[in-house]
Amino acid sequence: MTDKRHFVLAAGGTGGHMVPAAALAAELTRRGHRVALVSDARGVRFPGLFEGVQTHVLPAGRFQLKRPQGWASAAREMWRGRAMARELYRTFKPAAVIGFGGYPAFPALTAAFADKIPTAIHEQNAVLGRVNRLVASRVDAIATSYAKTERLAPKLASKALHVGNPVREAVLALRSRPYPLLEEDGIFRVLVTGGSQGASVLSQVVPDGLSMLPPAFRRRLQVTHQARIEDIDAARAKYAELDIAADLATYIDDMAAELAWAHLVIARAGASTIAELTAAGRPAILVPLPGATDDHQTANAKEMATAGGARVIPQSLFTPVELAKQMQKLGLDPAALENAAGRARAIGKPNAARDLADLVESFDAPLARLPVVQPARKEAFA
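Residues numbered from 1 in each chain as written. Predicted model: local features only at pLDDT ≥ 70, side-chain atom pairs only at ≥ 80, totals over all residues. Heavy atoms only, no water.

Caption draft 1: Layout of helix H13 (residues 320–331). Compared with an ideal rise of 1.5 Å per residue, which puts twelve residues at 16 Å, H13 spans 16 Å between its outermost C-alpha atoms and is within 8% of the ideal. For H13, the complete set of buried residues consists of Glu 322, Leu 323, Ala 324, Gln 326, Met 327, Leu 330 and Gly 331. (Helix = DSSP H or I, 4+ residues; strand = E, 2+ residues; numbered from the N terminus. Expected span 1.5 Å × (residues − 1). Buried < 20%, exposed > 50% of the residue type's maximum accessible area, 1.4 Å probe, protein only.)

Caption draft 2: Region of interest: the pairing of strand E5 (residues 119–123). In terms of burial, E5 is largely enclosed, as five of its five residues are buried. What you see with E5 is no split at all: Thr 119, Ile 121 and Glu 123 on one side and Ala 120 and His 122 on the other are buried throughout. One ladder, built from three bridges, connects strand E4 (residues 96–99) with E5; its direction is parallel. Paired with Ile 98 across the bridge in E5 is Ala 120. Crossover handedness for the path E4 to helix H4 (residues 105–114) to E5: right-handed. Looking at chain direction, E5 and strand E6 (residues 141–144) are connected through four bridges and run parallel. Each bridged residue has a counterpart across the sheet, and for His 122 the counterpart in E6 is Ala 143. As for the winding sense of the linkage, the β-α-β connection from E5 through helix H5 (residues 130–135) to E6 is right-handed. (Pairing = 2+ DSSP bridges. Right-handed = clockwise from strand over helix to strand, strands pointing away.)

Shown next, in the form of structure tokens:
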């Protein structure tokens, strides 16, 4: 057990930033440390992740390239957030500040630079995000989720370590459970999720795609579908019209429970989604978000697809016909589906939270057992 210390975690308010931050908070707390979270108003209210953790909302202006008229206001908000972070550090006295990306992390990190507090950043995606790129040259360590990370400057590779993307304990526990039994004529369970923000395209395409499956296959389906609030009524009506058994919700409180019984997942390719699929060992059909910054979701999906754990359909090609075709290739061969589950599991990083906690505890002693990250050039998905 190390000496008890204080750590500040700074993250944007989406699930992709908050889930790994919560996993690290849980690991550091288990080790006897005290943790504080810095985020925006969305992040501190994220359900079920940071119960019992001291939380702080810092102002953080967003710099939008297409709206330069708002830059002055954004800069003022960032400066105000930086001042508030420095006040927090005077009383909380953190041993280190760890950023997880998103604009709320920026003032917290710049305050740490000013106060000479050790810093690290964690990148969840296969492409280094904007805020992480802004601070990468000044932090003490860069933790990545992928062995090859695009937009990581070669000169920074020596301080970048591949730890993986931490997931919640409940999801990690699924690694010790076998893939759900899939009998030839048994129930085929499908989980549809667009991540914490939902995805309208999944609600528009998936019901019609499933309706095109052979009748015997379609009758076996049991679907859990996370939909955006503006899409859920139409999607529910569509499933009912097509006579497909489906439960719909705008937010899935217990993702581990849903993954536990899922035979196949249809999802976006967000960082936390990929981390959970590979931690649990679940095959997937992935539809990367085309408007994601630097097309990072396509980059995220590449490793899982290359390993044989997922099929990737670009949104421009994501039609009911294409979905039905891919579903039949996977779903009508239980052995192939179970093999894909094993391939997904093989690339999971179950020790990500432990390794990230080791890193932030020990800036003075490089962790030789963790592989150094290789900068990667952006490549078209094959």
